[in-house]
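Fold and geometry: a report
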Amino acid sequence: MKISVDRTVLLKALAHVQSVVEKRNTIPILANVMLEAKDGVLTLTATDMEIAVVERVAGVEVSRPGRTTAPASTLYEIVRKLADGAKVELDHKGGDAPLVLRAGRANANLNVLPVEDFPSMTEGKMPHHFALKAGTLRDLIDRTKFAISTEETRYYLNGIYLHAAESDGAKVLRAVATDGHRLARVEEPLPEGAAGMPGVIVPRKTVAEVRKLADETQDEVSIHLSDTKIRFDIGTVQLTSKLIDGTFPEYERVIPKGNDKILRVGKKAFADAVGRVASISTEKSRPVKLSVSRGNLMLTANSPELGQMQDELDEELVSYDAAPIEIGFQAKYLTDITDQISEQVEFHFADGAAPTIVKDAGRGDALYVLMPMRV
Amino acid sequence: MTSLCRDCLHHAEAAFRSCPSCGSGRVVTHAELLALSIAHVDCDAFFASVEKRDDPSLRGKPVLIGGGRRGVVAAACYVARTRGVRSAMPMFKALEACPDAVVIKPNMAKYATCARQLRAMMEALTPLVQPLSIDEAVLDLSGTEALHRAPPAVTLARFALAVEREVGVTVSIGLASNRLLAKIAAGRDKPRGFAVIGAEARALLASEPVRLLPGIGPAAAQRLARAGIVTLGQLGSLDAKAALRFGEDGPALAARARGEDNRPVDPVRETKSISAETTFDADLATAEALEAPLWRLCERLARRLAEKGFAAGGVVLKLKTADFASRTRAARLPTPSSVPETLFAAIRPLLAREVDGTAFRLIGIGAAPLVPALGADAGDLADPDAPRRAARWKAVEALRAKFGEGVLGAGRGLRPKR
């Protein structure tokens, strides 16, 4: 294999693929990126056996087609430190011969591992296919990913549950994530082709990778999936991931139905006040207490070591017309949700001990459930 | 000298060999008899005694309590002990020494009932009762003279008789000025004993081997022996600086060797972990085979947690391979639980990761950290069914209490027919 490619183009491609490579690997070849040059195209592949990222770089001068594998992070580091605008030559004579990298007067000999040993994540059939605008995909991910659990015991919570559902008679694509303390449910109109899709749990690492890639495009993202795998085609990148093999909880049952005490409050003022009072509680598990009465919202936090702090919101920012209530939430959980809300936050309370619904008063496509803490 | 007849409770300022009042030879004599108030109470071959009580045909026969061929002896009656059988001995060895022994599978529920009865009787003597195990406790009887209208020694002798009459097992009592000496005393006159250690403690201990001290195991004894210390007298004569050579606890150890111990009797001493384990008759290697005993252990653990008013904040899996290597694996529970189904769901994946063809001889499960039972099994947004599982388990336990263990259970806990 012998090719010549712009440093900038190669760097971008390497950045995409090398981020799935695990930093510490027990299987040496998983630290490598597979390079294949043919017909003016360089294809780069990296995998951690759960996710495989394939990137096709067109417009490459291929003077001798071929393929090999080389250490992904080393290659990425070298290319990253080359001068901008440099032309990079990659030359592999075949077999055990090193991969020679030349750029200007710099050159490197990189050890290779045989292509035959590189694991391929066989895709199998992916019978379901639909497309989402990149912006829509970003939106689905951003408004749910904070609620993804990291606990090992309930591994089936370590991802976003993506499935087709019906919401008030409309067919929707739903993304749901929960860690047991909070739950995020976001929906978009069901895209064509998604009607018969199985409910799938997309792992946290895949979500993070897809989110990064979705930043780089305004085009549509094409999604293919089966019961066990999902593939995202984002620009020139193809990311295939295994799905979490588990059953997501029946989340509908935990979304409270009769919460009739409704508080509306300006998002910015509220989030700022939560941040302020929370600065007194060093332990993140300590609650911020919301004391709500007609047209009034008081926030309190206290720490046995440091003291106590409270803040009251301006009357004109608060709308509440039900019986007074006192309820505590973890500060971080509140701001994780308000970060996803634009203008007005809407709380639906039942009582001080029951799960509370939080919504963006301006849009109905996202719903959050928060478990209160004892105060 | 004061003497006390342990049968008729007659006591007097004299040293008599047999009771002048009833003629019994069960007399305890000691200068400080009526002044000492820390007592160590230990049941004699507890499990075996309970079984003998319930089955008179076992009287006079060697009885061993323990699991199948591969288990260890949980208790050996005194007949079996005369043949050299000891607790914690592997069962096959015990049966070599005592081939005609009657081996009985432990019925922990029955022993626990008995132990509760004993505990209640102790708590009627003094509020300061610190249980050390199912059949052992230390009691502080200071200041109970007015209440019982008798000095502690007399109260204890009366208690021992009451236990024999009401529970049907015998106890051995050690009476001393502190916990350590009381424990040592209790071991000096077993079974059905009553021993007193007073001011003579240091002289008495001096010639004893260091292993007599609780806390000195074979390894520590070896380390001491390398330094030329084999008796408690030698250990006790070390000053604080010299004792430090044997670790941070050295000086404390030297003090103990002199019979000094200032640990109070603490009835609310914290339970640090609760666990259950079982040794298999034949090694097991597959997940399927291991899960059945694991499930039964989850049930046992859940029951122990409930008895002690705790829930598990996490679970610990313990495995011992056929060549005696230990493996422990832990997982945190999302919300604390004391329900077997929830414990099992958390520990099952830990087991799955260990099943790699290795043959295991023992499996165990523990609860750690322990958290208060209040608020456990409340579930969360990802597990709304937790309270129902808890209610179901309670119902199963209620039915079992009424109709017996076998009345209802999960299929996965069934033992395969041999």
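Residues numbered from 1 in each chain as written. Chains lettered and ligands numbered in written order. Predicted model: local features only at pLDDT ≥ 70, side-chain atom pairs only at ≥ 80, totals over all residues. Heavy atoms only, no water.

**Describing the overall build of chain A**
Formally: Runs of E in the DSSP output that reach at least two residues are strands. Runs of H or I that reach at least four are helices, and both are numbered from the N terminus. A 1.4 Å probe rolled over the protein chains alone gives each residue an accessible area, and that area as a share of the maximum for its type sets the label: buried under 20%, exposed over 50%, partly exposed in between. Note that accessible areas follow from Shrake-Rupley with a 1.4 Å probe, and for residues the cover is restricted to the protein chains shown.
The helix and strand tally for chain A stands at six helices and 26 strands. Residue burial in chain A is summarised as follows: out of 375 residues, 54% are buried. Carbon and sulfur atoms make up 48% of the accessible area of chain A, which amounts to about 17,400 Å² in all.

**Side note on a negative patch on the surface**
Counted only if it meets this: A residue counts toward a patch only above 30% relative accessible area and without a salt bridge, and it is joined to like-charged neighbours within 9 Å or, for Val, Leu, Ile, Met, Phe, Trp and Tyr, to nonpolar neighbours within 5 Å. The term salt bridge refers to a pairing of a side-chain nitrogen on Lys or Arg with a carboxyl oxygen on Asp or Glu at a separation within 4 Å. Residues counted as positive are Lys and Arg, residues counted as negative are Asp and Glu, and His and the chain ends are not counted. A single reference atom marks each charge: NZ on Lys, CZ on Arg, CG on Asp, CD on Glu.
Where like charges cluster on the molecular surface, the negative patch consists of A:Glu312, A:Asp314, A:Glu315 and A:Glu316. Mapped onto the fold, A:Glu315 is located in the loop between β21 (307-312) and β22 (318-320).

**Focus: unusual backbone geometry**
Residue and element names in this part refer to chain B. For the peptide bond that leads from lysine 190 to proline 191, omega is -10°, which places it in the cis range. Structurally, proline 191 is set in the loop between α7 (179-186) and β11 (194-196). The step from alanine 368 to proline 369 runs through a cis peptide bond, and the omega angle for that step is -5°. Mapping proline 369 onto the fold places it in the loop between β15 (360-367) and β16 (370-372). Phi is positive for arginine 149, which is not a glycine, with a value near 50°.

**With respect to the interface of chain A and chain B**
Rules: The criterion used for residue contact is that any of the two residues' heavy atoms lie within 4.5 Å. Computed with a 1.4 Å rolling probe, the buried area is the accessible surface lost when two parts are put together, summed over both parts. For this analysis, a polar contact is any N or O atom pair within 3.5 Å, provided that within protein one partner can donate a hydrogen and the other can accept it, and provided that sequence-adjacent residues contribute only side-chain to side-chain pairs. Classes in brief: Ala, Val, Leu, Ile, Met, Phe, Trp, Tyr, Cys and Pro nonpolar; Asp, Glu, Lys and Arg charged; the others, Gly included, polar.
Taken together, the contacts link 17 residues of chain A with 12 residues of chain B. Here chain A and chain B share an interface that buries about 1,200 Å² over both sides, 61% of which is from carbon and sulfur atoms. For the interface between chain A and chain B, the tally reads three salt bridges. Across the chain A-chain B interface, the total number found is four residue pairs in polar contact (both at pLDDT 80 or more). Class assignment of the residues belonging to the side of chain A that touches chain B gives a composition of seven nonpolar, four polar and six charged.

**Re the UniProt feature "active site" (unreviewed entry) in chain B**
Residue and element names in this part refer to chain B. Rules: UniProt positions are given in the numbering used here, feature names are shortened, and annotations may be inferred rather than shown by experiment.
Mapped onto the present numbering, the UniProt feature "active site" (unreviewed entry) falls on Glu136. Its location among the elements puts glutamate 136 in strand β9 (residues 136-140). Using a relative accessible area of 15% as the deciding quantity, one classes glutamate 136 as buried. Residue contacts for glutamate 136: discarding those within four places in its chain leaves His40, Val41, Asp42, Pro131 and Lys183. Only 3.0 Å separates the side chain of glutamate 136 from the side chain of histidine 40, close enough to count as a polar contact.

**Focus on the UniProt feature "site: Substrate discrimination" (unreviewed entry) in chain B**
Residue and element names in this part refer to chain B. UniProt records the feature "site: Substrate discrimination" (unreviewed entry) for Phe47 in the present numbering. Structurally, phenylalanine 47 is set in helix α1 (residues 46-54). In this structure, phenylalanine 47 is in contact with Ile65, Ala74, Ala75, Met108, Tyr111 and Ile134, ignoring residues within four places of it in sequence.

**Some remarks on the layout of surface pockets**
The line we're drawing: Points on a 1 Å grid, built from protein atoms alone, make a cavity when a 1.4 Å probe fits but cannot get out and make a pocket when they are open with protein on both sides within 12 Å along at least 5 of 7 lines; residues with an atom within 4 Å of a point are the lining residues. Grid points are joined across faces, edges and corners, and a volume is the space filled by probe spheres set on the points.
Taken as a whole, the second largest pocket spans an internal volume of roughly 1,000 Å³. In terms of lining, the second largest pocket is formed by 28 residues, of which the most central are A:His181, A:Pro372, A:Met373, B:Thr335 and B:Pro336. Those elements that place two or more of their residues in the lining of the second largest pocket are α6 (331-338) of chain A together with β14 (326-337) and β16 of chain B. Considering every element that reaches the lining of the second largest pocket, the biggest residue donor is β14(B), with five residues. In the lining of the second largest pocket, the residues fall into 13 nonpolar, nine polar and six charged.

**Some points on the sheet that holds strand β3 (residues 41-47) of chain A**
Residue and element names in this part refer to chain A. To keep it simple, the criterion reads: Two strands form a pair only when DSSP identifies at least two bridges running between them. Helix axes are fitted to C-alpha atoms over the stretch in contact, other axes to C-alpha atoms as well, and angles between N-to-C directions run from 0 to 180 degrees.
Strand order in the open sheet made by the eight strands is β6-β2-β3-β4-β17-β16-β15-β10, with antiparallel pairing throughout. With partners counted over all chains shown, the strands left at the sheet margins are β6 (66-71) and β10 (128-133), one partner each. Taken over all neighbouring pairs, the strand axes of this sheet differ in orientation by 15° on average, direction set aside. In terms of strand pairing, strand β2 (residues 32-38) meets β6 through six bridges, oriented antiparallel. The residue of β6 that forms the bridge with alanine 37 is glycine 66. The strands that helix α1 (residues 7-18) touches are β2, β3, β4 (51-58) and β17 (237-242); relative to β4, the one it contacts most, it runs at about 170°.

**Things to note about the state of the cysteines**
Residues and elements named next belong to chain B. As a reminder, the rule being used: Disulfides are defined in this document as cysteine sulfur pairs within 2.5 Å.
Scanning the model with the defined rule gives zero disulfides over all chains in all. The thiol of cysteine 43 is not disulfide-bonded; the next cysteine sulfur, from cysteine 114, is found 8.3 Å away. With a relative accessible area of 3%, cysteine 43 lands in the buried category.

**Re a nonpolar patch on the surface**
Side chains of B:Leu399, B:Phe403, B:Val407 and B:Leu408 sit close together on the surface and give an oily, nonpolar patch of about 340 Å² of accessible area. Mapped onto the secondary structure, B:Phe403 falls in helix α15 (residues 386-403).

**What about the environment of B:Gly259?**
All names here are of chain B. Structurally, glycine 259 is set in the loop between α12 (250-257) and β12 (274-284). Separated by 61 residues in the primary sequence, glycine 259 and glycine 198 place their C-alpha atoms 9.8 Å from one another. In this structure glycine 259 touches Asn178, Leu180, Leu181 and Leu205, once residues within four positions along its chain are discounted.

**Here's the deal with the sheet that holds strand β9 (residues 106-110) of chain A**
Remark on secondary structure: sheet strands pair via backbone hydrogen bonds, oriented parallel or antiparallel. Residues and elements named next belong to chain A. In spatial order, the strands read β5-β1-β7-β8-β9; together these five strands make up an open sheet with antiparallel pairing. Where the open sheet ends on each side, the last strands, each with one partner, are β5 (61-64) and β9. Each neighbouring strand pair of the sheet contributes to a mean axis angle of 15°, computed without reference to strand direction. Relative to strand β7 (residues 87-92), strand β1 (residues 2-6) runs antiparallel, the two being bridged by five bridges. The partner of lysine 2 across the bridge, within β7, is aspartate 91. α1 contacts β1 and β7 of the sheet and is inclined by roughly 95° relative to β1. Packing against the sheet, helix α2 (residues 72-81) makes contact with β8 (99-103) and β9, and its axis sits at approximately 180° to β9.

**Quick look at the nonpolar core**
One broad trend across soluble globular proteins is that nonpolar side chains are buried collectively. Note the cut-off: Definition used in this section: a nonpolar core is a set of buried Ala, Val, Leu, Ile, Met, Phe, Trp, Tyr and Cys residues joined via side-chain atoms within 4.5 Å.
One finds A:Leu44, A:Phe270, A:Leu290, A:Leu297, A:Leu299, A:Phe347 and A:Phe349 to be the most contacted residues of the largest nonpolar core, which totals 100 residues. The contact partners of A:Leu290, leaving out residues within four places of it in the chain, are A:Phe270, A:Leu297, A:Met298, A:Leu299, A:Ile325, A:Glu326, A:Ile327, A:Phe329, A:Leu334, A:Phe347 and A:Phe349. Within the second largest apolar cluster, 56 residues are counted, among which are B:Leu4, B:Ile65, B:Ala137 and B:Leu161.

**Describing the pattern of salt bridges**
Under the definition given, this model contains 63 salt bridges over all chains. A salt bridge links A:Arg211 to A:Asp215, with the shortest nitrogen-to-oxygen separation between them at 3.1 Å. Here B:Glu166 and B:Arg165 are joined by a salt bridge, their closest N and O atoms 3.8 Å apart. According to the relative accessible area criterion, B:Glu166 is partly exposed, its value standing at 48%. One salt-bridge network, in which partners are shared between bridges, spans A:Arg64, A:Glu89, A:Asp91, A:Lys93 and A:Arg102.

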